[in-house]
Amino acid sequence: MTLILGLEGTAWNLSAALVSEERAVYEAESTYKPLHGGIHPREAAQHHASELKKVVSRAFRGAEKEGFSLRDIDAIAFSQGPGMGPCLRTVATAARALSISLNTPLIGVNHCIAHIEIGRWRCGTKDPVVLYVSGANSQVLAYRSGRYRILGETLDIGIGNALDKLARYLGLSHPGGPKIEELASKGAEYVYMPYVVKGMDLSFSGLTTSAKDAINLHHHKTEDVCYSFQETAFAMLTEVTERAMAHLCKDEMLLAGGVGANRRLQQMLQTMCHDRGANFYVPENKYLKDNGTMIAYLGLLMFNSGNTTPIEKSAVNPNYRPDEVEVTWRDVE
Ligand code: AMP
Ligand code: MG
């Protein structure tokens, strides 16, 4: 039986989890909360460094209660990127130290693909078009010929960061997404926002500026502005996802990443899928946000397909793109 330890810490959530032969055994986490403003990379990395020992020990104790021992661990998986450099380096250093002390292989995992694979696993969807929306990332992807191909993506900031920026402007604490969702649910009047789709790509930074102007210069109600922001951004994402499904003739769609928790986004995608006779899938919220279980699970898939990372190739990559990864655990169709 295979047992993998997964370490996640690309941004604000530090998490350690153990996954055995496709069962989530135990997960422990500690979340950095900025005192004000957004995530400060160095402060987040310092949070991870000071919490790592506690979080990993909690995961080990939890696994022991489930009947596993440290000697059962077959490999240490960690988020190699994309993410914030100082955070990635802190967690990678811990992963290397654990790999050496437990004498087990290391597995560098692409964080975006971990989001996709945990969604496929939890929802039982086989070959979906994926909409991956998180703080820093917004991508539409699908698997083809040994790789996850990026069909469309943001040209500037991720949708989560765009929402967080607007929230910060409104004096709301991080993470802003859920608070904007709450305000948007009370809005009714649509205010003009720039709808920027270029081919299969998207742009969100103008939306934040436009939302600020709508409040500041044009004195629209905050609730209406949040509502309009969501309607515009989510319609853009739904349009590009639908076009990808149409071009590839796929009838499954998977939502991944922290922004996937938004009920209005889920509703729009659900409607789009329903209208074209496709199935819409979204995992539980705890597997949408950054978590160690998804890193351990992708580590397990990679380990079982003979894909480990020698220490000299374990350097982190803050701009690691999912299409750089050779997928060794899926059939080439
Ligand atoms: P991740 O990077 O995958 O952990 O996702 C974090 C991002 O998800 C942050 O930008 C949050 O503001 C955003 N987020 C979390 N919950 C929601 C929600 N209900 N609606 C919109 N955005 C959300
Ligand atoms: Mg993420």
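Our structure is the block above this text.
## Brief notes about helix α2 (residues 85–102)
With 18 residues, α2 extends 26 Å from end C-alpha to end C-alpha; this agrees with the ideal 26 Å at 1.5 Å per step. Taken from the residues just after α2, N103 is the one with a positive phi, measuring 55°.

## Describing the site of ligand 1
Around ligand 1, 18 residues are found, and the nearest of them are D164, G177, E181, G258 and N262. The separation between an oxygen atom of ligand 1 and a polar side-chain atom of D290 is 3.3 Å. Here ligand 1 loses 90% of its free accessible area of 510 Å² to cover by the protein chains. Listed by contribution, the elements that provide at least two residues to the shell around ligand 1 are α4 (159–169) and α5 (177–184). In the shell around ligand 1, the residues fall into 6 nonpolar, 9 polar and 3 charged. When residues of the shell around ligand 1 are sorted by domain, at least three fall in each of domain 1 (3–115 + 287–324) and domain 2 (127–285).

## Brief notes about the sheet that holds strand β5 (residues 106–110)
The strand order β3-β2-β1-β4-β5 describes an open sheet built from 5 strands, whose pairing is mixed. Strands with a single pairing partner mark the edges of an open sheet, and in this sheet they are β3 (23–31) and β5. Averaged over all pairs of adjacent strands, the angle between strand axes in this sheet comes to 20°, irrespective of strand direction. Bridge count for strand β1 (residues 3–8) against strand β4 (residues 75–81) is 4 bridges, and the pairing is parallel. Bridge pairing in β4 links L7 to F78. Packing against the sheet, helix α3 (residues 111–123) makes contact with β1, β3, β4 and β5, and its axis sits at approximately 85° to β5.

## Brief notes about the coordination of the magnesium ion (ligand 2)
For a metal bound by four donors in a tetrahedral arrangement, the ideal donor-metal-donor angle is 109.5 degrees, while six donors in an octahedral arrangement ideally sit at 90 or 180 degrees. Looking at the magnesium ion (ligand 2), one finds its protein donor set to be H111 (NE2), H115 (NE2) and D290 (OD), positioned 2.1 to 2.3 Å from the metal centre. Sequence spacing of the donor residues for the magnesium ion (ligand 2), all on one chain, is H-x3-H-x174-D. Placement of the pair is H111 in helix α3 and D290 in the loop between β12 (279–281) and α9 (292–304), with a sequence separation of 179 residues. By the burial criterion, H111 is buried, and D290 matches it.

## Regarding the packing of helix α6 (residues 205–216) against helix α7 (residues 222–248)
In contact at an axis separation of 10 Å, α6 and α7 are set at 155° when each is read in the N-to-C sense. It follows from the interaxial angle that α6 and α7 lie roughly antiparallel. For α6 against α7, the interelement crossing comes out right-handed. Between α6 and α7, the contacting residues are L207, T208, A211, A214 and I215 on the first element and V225, F229, T232 and A233 on the second. Its residues assigned to classes, the contact of α6 with α7 shows 7 nonpolar, 2 polar and no charged.

## Topic: the packing of aromatic side chains
Between two aromatic rings, the relevant description is the distance of the centres plus the angle of the planes. Counted under the stated rule, the structure contains 2 aromatic pairs. On the numbers, 4.3 Å between centres and 10° between planes, the contact of W121 with Y297 is stacked. Note that W121 is positioned in helix α3 and Y297 in helix α9, a separation of 176 residues in sequence. Overall, W121 belongs to the buried group, its relative accessible area being 18%. The ring of W121 has R122 sitting right over it, with the charged end atom 5.1 Å from the ring centre. Across from the ring centre of Y143, 4.1 Å away, lies the NZ or CZ of R330, which sits over that ring.

## Overview of the sheet that holds β12
Taken together, the 5 strands give an open sheet; going across it, the order is β8-β7-β6-β11-β12, and neighbouring strands pair in mixed fashion. Lying at the two open borders of the sheet, with one neighbouring strand each, are β8 (147–153) and β12. Each adjacent strand pair in this sheet contributes to an overall mean axis angle of 25°, direction not counted. Pairing of strand β11 (residues 252–256) with β12, which is carried by 3 bridges, proceeds in the parallel orientation. Among the inter-strand pairings, E252 is bridged to a residue of β12, identified as N279. Together, β6 (129–133), β7 (138–144), β8, β11 and β12 form the strand contacts of α3, whose direction differs from that of β11 by roughly 125°.

Cut-off values and rules
Residues numbered from 1 in each chain as written. Chains lettered and ligands numbered in written order. Predicted model: local features only at pLDDT ≥ 70, side-chain atom pairs only at ≥ 80, totals over all residues. Heavy atoms only, no water. Helix = DSSP H or I, 4+ residues; strand = E, 2+ residues; numbered from the N terminus. Expected span 1.5 Å × (residues − 1). Near = heavy atom within 4 Å. Polar contact = N/O pair within 3.5 Å; in protein donor to acceptor, adjacent residues only side chain to side chain. Areas by Shrake-Rupley, 256 points an atom, 1.4 Å probe, with all protein chains shown as cover. Nonpolar A, V, L, I, M, F, W, Y, C, P; charged D, E, K, R; others polar. Domains from an automatic or database assignment. Pairing = 2+ DSSP bridges. Axes fitted to C-alpha atoms, helices over the stretch in contact; angles between N-to-C directions. Contact = heavy atoms within 4.5 Å. Donors = N, O, S within 2.8 Å, 3.2 Å for Na, K, Ca; no water. Buried < 20%, exposed > 50% of the residue type's maximum accessible area, 1.4 Å probe, protein only. Parallel < 35°, antiparallel > 145°, perpendicular 65-115°, else oblique. Left-handed = near helix turned anticlockwise from the far one by under 90°. Phe/Tyr/Trp six-rings, centres within 6.5 Å; stacked < 30°, edge-to-face > 60°. Lys NZ or Arg CZ within 6 Å of the ring centre and 35° of its normal.

Nothing here speaks to function; it is all geometry.
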